[in-house]
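Observations on the three-dimensional arrangement
In case you want the letters, here they are:
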Amino acid sequence: MGHPPSLAVMPAVVVMVMLSLMSSCCVPSAAARGGGQQQRHPVILIPGAGGNQLEARLTEEYRPSSLACRVWPLVRGRGGWFRLWFDPSVLLAPFTRLLTRYMNTLASTLEKAAGYEEGRDLFGAPYDFRYGLAGPGHPSAVGSAYLHRLRLLVEAACAANGGRPAILVAHSLGGLFALQFLARAPARWRAAHVARLVTLSAPWGGSVQAMLTFASGNTLGVPLVDASLVRDEQRSAESNLWLLPAPKVFGNTTLVVSKQHNNRTYSAKNVTQFLRDIGFEAGVEPYRARIRPLVEALPEPGVPVTCLVGTGVDTVESLLFGDGGFEEGPESIVYGDGDGTVNLASLVGPIKAWSDSPAQVVEVVELPKVSHSGILNDKSALDQIIRVVDSINLNATTSTTQHHQPS
């Protein structure tokens, strides 16, 4: 898939990717490389789509299309950089507080409760969330370049911390990137450089909500915005195709019904027909050739894994679209179990196969009433992360598959 139709490929705009907490795939600081009395395994945070930031700078070639564009944006940083994604100024509380603090609560907890320090043994690994990865035989330049930079960061972080392997903590879409990163790495490299993968709300098998995003658009909580206005942008992101329900997880279960198409039903096994019927023919071949092979099997990460998942939150389970078509939005929605964004079947179903592998250590921690983004600030979730990190730093990792449900 080529570049999405976004500002990133316009010569009048320069775009860079950031993480709200730390700089992009940063190299350990001079203080960290100098040694010291550090006894901790380095931690690398891999955000979900909402935790990455795109910043842009207008060049001399930019020609505003209106008077308003002449003065926008009103606030710019050093060198003329300003926030493209996500700009919290368009949100009302509590959405602003939620996005602006994203992984900051997690980072500060690691600093206060476990003694971590940004740039020494705590790092961020953001990515351009608009791009994804692809199945075997299909190039993915942006995604593959990210995996390469992540490998360099992991190696540098380990070297700067006494050779201790890193702990990867990944939220949402970041969990999918982390899994592919590990699965594509040689076993000897994994053993030497990664102590454990901790995932938060990872959508292993996609989400029914992604079908709503493609059909009608998703405002992400921004008030007074017509979902159809952002739908084209969301369709252009290859990573969103990656989040469509996986056939192996959802099977033939009816996920969408369209009255406009004579009550035609759509399951995870006929997503290509769904994409055609919503008018997104351009997504059919990329999904069929690049994404479908990627999600047909969930590879083992090859390192111990702790999966934190929220449960008991109303999550879109099926959608009924009326005679007005997909653009009018769903006529009715049926909700089921999950974290409010990802269905429970996707959060835990795909990794059950890992538990049957004698070589794969898996720990699943269910967090009742914790939402997809709330998991980053929920005390019970933060306590579990600190528990895992402390156990590794004390060299007391578990060696058997476990399943916990905190009281």
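Below is a summary of the structure that appears in this document. In this text, all values refer to a predicted model and were calculated from it rather than measured experimentally.

Before going further, it helps to examine the overall build of the protein chain. Scanning the protein chain for helices and strands turns up 16 helices and 14 strands. With 407 residues in all, the protein chain has 52% of them scored as buried. If you sum the accessible surface of the protein chain, you get close to 17,800 Å²; carbon and sulfur atoms cover 54% of it.

Turning our attention to helix α6 (residues 173–183). When you tally the buried positions in α6, you get 10 out of 11 residues, the bulk of the element. Within the sequence span of α6, burial applies to Leu173, Gly174, Gly175, Leu176, Phe177, Ala178, Leu179, Gln180, Phe181 and Leu182.

Moving on, we get to the nonpolar core. Ranked by internal contacts, the top residues of the largest apolar core, which has 70 residues, are Ile44, Val154, Phe274 and Leu275. In contact with Ile44, other than residues within four places in its own chain, are Phe123, Ala125, Leu150, Leu153, Val154, Ala157, Ala166, Ile167, Leu168 and Val169. Ala114, Val198, Ile375 and Ile392 belong to the second-largest nonpolar core, a separate cluster that totals 27 residues.

Attention shifts here to the pattern of salt bridges. Applying the stated criterion across every chain yields a total of 14 salt bridges. For Arg151, the salt bridge identified is with Glu155, shortest N-O distance 3.1 Å. Of this pair, Arg151 and Glu155 both sit in helix α5 (residues 141–159), 4 residues apart, which is roughly one turn of the helix. With a relative accessible area of 31%, Arg151 lands in the partly exposed category. A cluster of three or more residues bridged by salt bridges with shared partners is formed by Arg40, Glu117, Arg120 and Asp121.

The terminal C-alpha atoms of α5, which comprises 19 residues, lie 27 Å apart, in line with the 27 Å expected from a rise of 1.5 Å per residue. Buried residues of α5: Gly143, Tyr146, Leu147, Leu150, Leu153, Val154, Ala157 and Cys158, and no others. Down the axis of α5, the buried set is contained in an arc of 125°. They therefore lie on one face. Opposite its buried face, α5 presents the exposed residues Ala141 and Ala159, each directed more than 90 degrees away. Where the residues of α5 are buried, they touch β2 (43–46), β5 (122–124), β6 (166–171), α6, α7 (187–193) and β7 (194–200).

Following the sequence through the fold, Phe214 ends up in helix α8 (residues 208–216). For Phe214, a relative accessible area of 1% puts it in the buried group. Spatially, the C-alpha atom of Phe214 lies 9.6 Å from that of Gly279, the residues being 65 residues apart in sequence. Beyond its immediate sequence surroundings of up to four residues, Phe214 is in contact with Arg231, Arg235, Asn240, Leu241, Leu244, Phe274, Leu275, Ile278 and Phe280.

Attention shifts here to the environment of Glu363. Here Glu363 shows up in strand β13 (residues 362–368). Glu363 sits 165 residues away from Val198 along the chain, and the two C-alpha atoms are 9.4 Å apart. Here the side chain of Glu363 touches Thr306 through a polar contact of 2.7 Å, side chain to side chain.

You will see that Asn262, though not glycine, has its phi angle at about 55°, which is positive. One can find Asn262 in the loop between β8 (256–258) and β9 (264–266). Even without a glycine there, the phi angle at Lys369 is positive, about 65°. Relative to the assigned elements, Lys369 resides in the loop between β13 and α16 (379–393). In this structure Lys369 comes out as exposed when scored by relative accessible area, which is 66%.

With their axes 7 Å apart at the nearest point, α8 and helix α9 (residues 227–236) run at an angle of 110° to one another. Judged on the interaxial angle alone, α9 and α8 are roughly perpendicular. In contact with Thr213, Phe214, Ala215 and Ser216 of α8, α9 contributes Ala227, Ser228, Arg231, Gln234 and Arg235.

Turning to the sheet that holds strand β12 (residues 330–336), a few remarks are in order. With respect to topology, 4 strands assemble into an open sheet ordered β9-β8-β11-β12, the strand pairing being mixed. Looking at which strands have only one partner, the edges of the open sheet turn out to be β9 and β12. Here the average twist between neighbouring strands, direction ignored, is 20°. Here β8 pairs with strand β11 (residues 315–321) via 3 bridges, running parallel. Across the sheet, residue Val256 finds its bridge partner in β11, namely Leu319.

What follows covers the pairing of β11. Extensive coverage of β11 is indicated by the burial of 5 of its 7 residues. Bridge count for β11 against β12 is 6 bridges, and the pairing is antiparallel. Bridging from a neighbouring strand, Val316 pairs with Tyr335 of β12.

So, on to the packing of aromatic side chains. Under the defined criterion, the tally for this structure stands at 11 aromatic pairs. Geometrically, the ring pair formed by Phe321 and Phe326 is tilted, given 4.8 Å between the ring centres and 55° between the ring planes. Phe321 gets classed as buried once you look at its relative accessible area, which sits at 0%. Taking the relative accessible area as the measure of exposure, Phe326 reaches 5% and is therefore buried. One aromatic cluster is present, formed by Tyr127, Tyr146, Phe177 and Trp242 through successive ring pairs.

Rules used in this analysis
- Residues numbered from 1 in each chain as written.
- Predicted model: local features only at pLDDT ≥ 70, side-chain atom pairs only at ≥ 80, totals over all residues.
- Heavy atoms only, no water.
- Helix = DSSP H or I, 4+ residues; strand = E, 2+ residues; numbered from the N terminus.
- Buried < 20%, exposed > 50% of the residue type's maximum accessible area, 1.4 Å probe, protein only.
- Areas by Shrake-Rupley, 256 points an atom, 1.4 Å probe, with all protein chains shown as cover.
- Core = buried A, V, L, I, M, F, W, Y, C linked by side-chain atoms within 4.5 Å.
- Contact = heavy atoms within 4.5 Å.
- Salt bridge = Lys/Arg side-chain N within 4 Å of Asp/Glu carboxyl O.
- Expected span 1.5 Å × (residues − 1).
- Arc of directions from axis to C-beta.
- Polar contact = N/O pair within 3.5 Å; in protein donor to acceptor, adjacent residues only side chain to side chain.
- Axes fitted to C-alpha atoms, helices over the stretch in contact; angles between N-to-C directions.
- Parallel < 35°, antiparallel > 145°, perpendicular 65-115°, else oblique.
- Pairing = 2+ DSSP bridges.
- Phe/Tyr/Trp six-rings, centres within 6.5 Å; stacked < 30°, edge-to-face > 60°.

The analysis is restricted to geometry; functional conclusions fall outside its scope.
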